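# Observations on chain architecture
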Amino acid sequence: MMKILFPTDFSEVSLNALQYTIAFAKKIQAQIDLMHVFHLSIDQAGAMAPKNISDHIDESREALKDKLLKLKEEAPEGVIQETRVDYGVFIYQEVVDAAQSGHYDMIAMGTKGQHNMMEKVLGSVTSNTMLQAKCPVLAVPENCIFEGVNRIAYANDFHPNHSKAVQQLVDFAKALTAHIHFVHVNTGQMTKQIEDFSLSAGAPFKDFSIVDQTNVVDGLQQFIEEKDMDLLALFIPKRTLWERLFHFSVSKNLSLDSSVPILVFHE
């Protein structure tokens, strides 16, 4: 059975994403493990005597475990299995490490728009998780409700190493009984070459669209709205830092603005 790691901060955005993920997991017959990462701020630690910090961390851990158990009890029986509370400063790194050591098939989490300049510069927890994780990451926008996944848009830029991501996506699509629509945003004048490539490609390019748009994010948003897509899938390669950061930038902007969940695959 597939395993999904769901990190939560107990916010409304996260709790809504959990409801989506529960329905998603039931559809693909997966189990969910809940996770929460906490830490003491500098102000909190500075206000305590050093000998009391350890006790405070232990007390906080137990209280947070109870909150996770309550979420488990409120979920349909059997969907949520394990719960864990970790202490760490960099939340996304704790999540990524837990997913890798626990051999999870997917990380799912909620996302919403940027709140402040620091988040705009450094990126949100979800954005950084999408960049660093080894497994696929599902980012669920706020207020998104699961109504089935019938149409998946896969944003393809003809990267030579995307075959693994395509196969993973095909497997997910089969479990969801969904149809994959391959789409490429043409920001230049390469339409003829792209069409020739799509016809000869080894991947299942039976349903392929080209969107002429100067901005990749705008082009994908346009395609999602016009074709009424239920989910957008992306591939982030690791071949070069520049290429990886470009794909991350696209993923980040989409996760902040998209009305549909984003599923990110890695090389």
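The rules we used
Residues numbered from 1 in each chain as written. Predicted model: local features only at pLDDT ≥ 70, side-chain atom pairs only at ≥ 80, totals over all residues. Heavy atoms only, no water. Salt bridge = Lys/Arg side-chain N within 4 Å of Asp/Glu carboxyl O. Helix = DSSP H or I, 4+ residues; strand = E, 2+ residues; numbered from the N terminus. Buried < 20%, exposed > 50% of the residue type's maximum accessible area, 1.4 Å probe, protein only. Pairing = 2+ DSSP bridges. Axes fitted to C-alpha atoms, helices over the stretch in contact; angles between N-to-C directions. Contact = heavy atoms within 4.5 Å. pLDDT = per-residue confidence, 0-100.

This next bit is on the pattern of salt bridges. Scanning all chains against the criterion turns up four salt bridges. Between Glu 62 and Lys 65 there is a salt bridge whose closest N-O contact spans 3.6 Å. Of this pair, Glu 62 and Lys 65 both sit in helix 3 (residues 50–74), three residues apart, which is roughly one turn of the helix. Here Arg 84 ties to Asp 86 by a salt bridge, and the two come within 2.7 Å at their closest N and O atoms. Given a relative accessible area of 31%, Arg 84 falls into the partly exposed group. Linked by salt bridges that have partners in common, Arg 151, Asp 228 and Asp 230 make up one network.

Looking now at the sheet that holds strand 2 (residues 30–38). In space, the 10 strands of this open sheet follow the order 3-2-1-4-5-10-9-6-7-8, with mixed pairing throughout. If you trace the sheet from one side to the other, it starts and ends with strand 3 (80–87) and strand 8 (208–212), each paired once. Between one strand and the next, the sheet's axes are offset by a mean angle of 25°, whatever the strand orientation. In this structure, strand 1 (residues 2–7) lies alongside strand 2, joined through six bridges in parallel fashion. Along strand 2, the bridge assignment pairs Lys 3 with Gln 31. Helix 4 (residues 91–101) rests against strand 1, strand 2, strand 3 and strand 4 (106–111) of the sheet, and its axis sits at about 145° to strand 2. Helix 9 (residues 216–227) rests against strand 6 (151–155), strand 7 (179–186), strand 8 and strand 9 (231–236) of the sheet, and its axis sits at about 145° to strand 7.

Looking at the chain as a whole, its pLDDT mean stands at 81, while 75% of the residues score no less than 70. Across the chain, element-level confidence peaks in strand 1 with a mean pLDDT of 96 and bottoms out in helix 5 (residues 117–122) with 40.

Before going further, it helps to examine the side chain of His 181. You can see His 181 is positioned in strand 7. A relative accessible area of 15% means that His 181 is categorised as buried.

So, about the environment of Ile 28. As for its position among the elements, Ile 28 is in helix 1 (residues 12–28). Residue Ile 28 is classed as buried on the basis of its relative accessible area, which comes to 8%. If near-sequence neighbours (up to four positions away) are discounted, Ile 28 is found in contact with Met 2, Ile 4, Phe 172, Ala 175 and Leu 176.

To continue, consider the environment of Ala 17. With respect to the helices, strands and loops of the structure, Ala 17 is situated in helix 1. Judged by relative accessible area, Ala 17 falls into the buried class, the value being 0%. Along the chain, Ala 17 and Asn 143 lie 126 residues apart, while their C-alpha atoms are 8.1 Å from each other. What Ala 17 contacts, discounting residues up to four positions off in sequence, is Phe 6, Met 109, Gly 110 and Val 140.

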